[in-house]
Amino acid sequence: VTDQIERVAVVGAGYMGGGIAQVFAMAGLDVVIVDAQPSLTRRHLDRLCREAEDFETQGLFDPGSADLVRANLRVADSLPEAVAEADLIEEAVLEQPEVKGPVLKSIEEAARPDAIIGSNTSTLPIGELAANLTHAERFLGVHFSNPAPFIPGVELIAHASTDEAAVLSVEALVARTGKLAARVNDKAGFVLNRLQYILLKEAINLVEEGVATAEDIDIVVRTTFGYRLPFFGPFAIADMAGLDVYQACFRTFEEHYGERLAAPDMLTDLVDHGHHGVKQGGGFVIPAGDQASLIAYRNTAYAKLGQLLRELGPAPLGPPAHRPPSSTLH
Ligand SMILES: NC(=O)c1ccc[n+]([C@@H]2O[C@H](COP(=O)([O-])OP(=O)(O)OC[C@H]3O[C@@H](n4cnc5c(N)ncnc54)[C@H](O)[C@@H]3O)[C@@H](O)[C@H]2O)c1
């Protein structure tokens, strides 16, 4: 596979494909988009150029971004024309295997033999999508998040026979866009959506059990643990709180919710071996040691986030929408 990605084709130029195309164009790559019909593709191109101008005017894109998008983004009138020259083809059509399958087949038929093929699928196992390809070793998940121009993380998902060289090429490309890639193994939903959907599911459980309304749950999430998440993931948060504390809390959870919320072995093993987090013995991801600089960073981060939120004001959510019927709240 190619090791230097300079030309990218994005197939499906909707929300995600369009944003991904902007990201690559702003990083200086030559980008071709194609959608289901030529007229649609052109409309997407106009939208993406206009949007880039607006974002630049609003100070959300760097100066010069709109020019880069205009100069580097082109349309093709057919899928074969779009992908013929590309080093990387990113598929971003609808999240349906019966739509993605034929599109991936057509991509492979028209692509250069050394081109890398990525899919932006949110949840579909990459190994299953790979069954549509003859040379699946050049295929991987390259999962951007919405809105792609602003969300910095990208999941890279190799399936069982993805060539390591393809992953390395895409990793280098992601770094060039200024985004941060994380490697994730091929299980449905990967990391982002498994965690996000479990959070939503448990939040819905809480509403159904009458513990809190959807509105109040949203308040708790964004003003408490969600407030930490731009800076620290769940492992770092646990390390900072203390793994022994987490173990004790899991005991309560197990008592009330059973095995589903029992302390995981990985946590128990760490605590049993004296790893209580940052304060003693180190934790999942943070070693033990002087906490002063970490605490100073944490305090600055939260205080600045508070300033930003006050500056922005509350999100314009509108009036409460679908309050659960009061019968579900006891
Ligand atoms: N929306 C999100 O928040 C989000 C986030 C991450 C990943 N994704 C994933 O990205 C993919 C695209 O999602 P989206 O939200 O951009 O959807 P979307 O509906 O906005 O865009 C899909 C585009 O694909 C086009 N398309 C359909 N069939 C096509 C074909 N045969 N050839 C070329 N183009 C075709 C459609 O016309 C449309 O413009 C999905 O796999 C989705 O799961 C979505």
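Going by the structure above, here's the rest.
Quick caveat, the model's predicted, so the values are computed rather than measured.

> I'd love a proper account of the side chain of His44, names of residues and values included.
Among the secondary structure elements, His44 is positioned in helix α2 (residues 38–57). For His44, the side chain forms a polar contact with the main-chain oxygen of Ala13, separated by 3.0 Å. Every residue in contact with His44, bar those within four places of it in the chain, is listed here: Ala13, Gly14, Ile33 and Asp35.

> Residues and numbers for the layout of surface pockets, please.
Put simply, the second largest pocket is a space of about 210 Å³. Lining the second largest pocket we find Val23, Met26, Ala27, Leu60, Phe61, Asp62, Ser65, Leu68, Pro149, Arg176, Thr177 and Lys179. Only α1 (15–26) and α3 (65–72) provide two or more residues apiece to the lining of the second largest pocket. Within the lining of the second largest pocket, the residues separate by chemical class into seven nonpolar, two polar and three charged.

> For a negative patch on the surface, give the residues involved together with the corresponding values.
Residues Glu254, Glu255, Glu259, Asp265, Asp269 and Asp272 make up a contiguous surface patch of negative charge. The biggest single contributor to the negative patch is helix α12 (residues 265–272), with three residues. Following the sequence through the fold, Glu259 ends up in the loop between α11 (243–257) and α12.

> Account for the pairing of strand β1 (residues 7–11), with residues named and values stated.
Within β1, four of the five residues are buried, which leaves it mostly tucked inside the rest of the structure. Where β1 lies against strand β2 (residues 30–34), five bridges are found, and the strand directions are parallel. If you follow Val10 over to β2, its bridge partner there is Ile33. Considered for its hand, the β-α-β crossover made up of β1, α1 and β2 is right-handed. In the sheet, β1 pairs with strand β4 (residues 88–91) via four bridges, with the strands oriented parallel. Across the sheet, Ala9 pairs through a bridge with Ile89, a residue of β4.

> Before we move on, could you go through the pattern of salt bridges and cite the residues and values that matter?
Per the stated rule, a full pass over the model turns up 17 salt bridges. Glu6 is the salt-bridge partner of Arg176, the closest N and O atoms lying 3.1 Å from each other. Linking Arg176 in helix α7 (residues 164–176) with Glu6 in the segment before β1, this pair joins segments that are 170 residues apart in sequence. Owing to a relative accessible area of 36%, Arg176 belongs among the partly exposed residues under this scheme.

Basis of the calculations
- Residues numbered from 1 in each chain as written.
- Predicted model: local features only at pLDDT ≥ 70, side-chain atom pairs only at ≥ 80, totals over all residues.
- Heavy atoms only, no water.
- Helix = DSSP H or I, 4+ residues; strand = E, 2+ residues; numbered from the N terminus.
- Polar contact = N/O pair within 3.5 Å; in protein donor to acceptor, adjacent residues only side chain to side chain.
- Contact = heavy atoms within 4.5 Å.
- 1 Å grid on protein atoms, 1.4 Å probe; cavity = no way out; pocket = protein on both sides within 12 Å on 5 of 7 lines; lining within 4 Å.
- Points joined across faces, edges and corners; volume = space filled by probe spheres on them.
- Nonpolar A, V, L, I, M, F, W, Y, C, P; charged D, E, K, R; others polar.
- Patch = residues over 30% accessible without salt bridge, like charges linked within 9 Å, V, L, I, M, F, W, Y side chains within 5 Å.
- Areas by Shrake-Rupley, 256 points an atom, 1.4 Å probe, with all protein chains shown as cover.
- Salt bridge = Lys/Arg side-chain N within 4 Å of Asp/Glu carboxyl O.
- Lys, Arg positive; Asp, Glu negative; His and termini not counted.
- Charge placed at Lys NZ, Arg CZ, Asp CG, Glu CD.
- Buried < 20%, exposed > 50% of the residue type's maximum accessible area, 1.4 Å probe, protein only.
- Pairing = 2+ DSSP bridges.
- Right-handed = clockwise from strand over helix to strand, strands pointing away.

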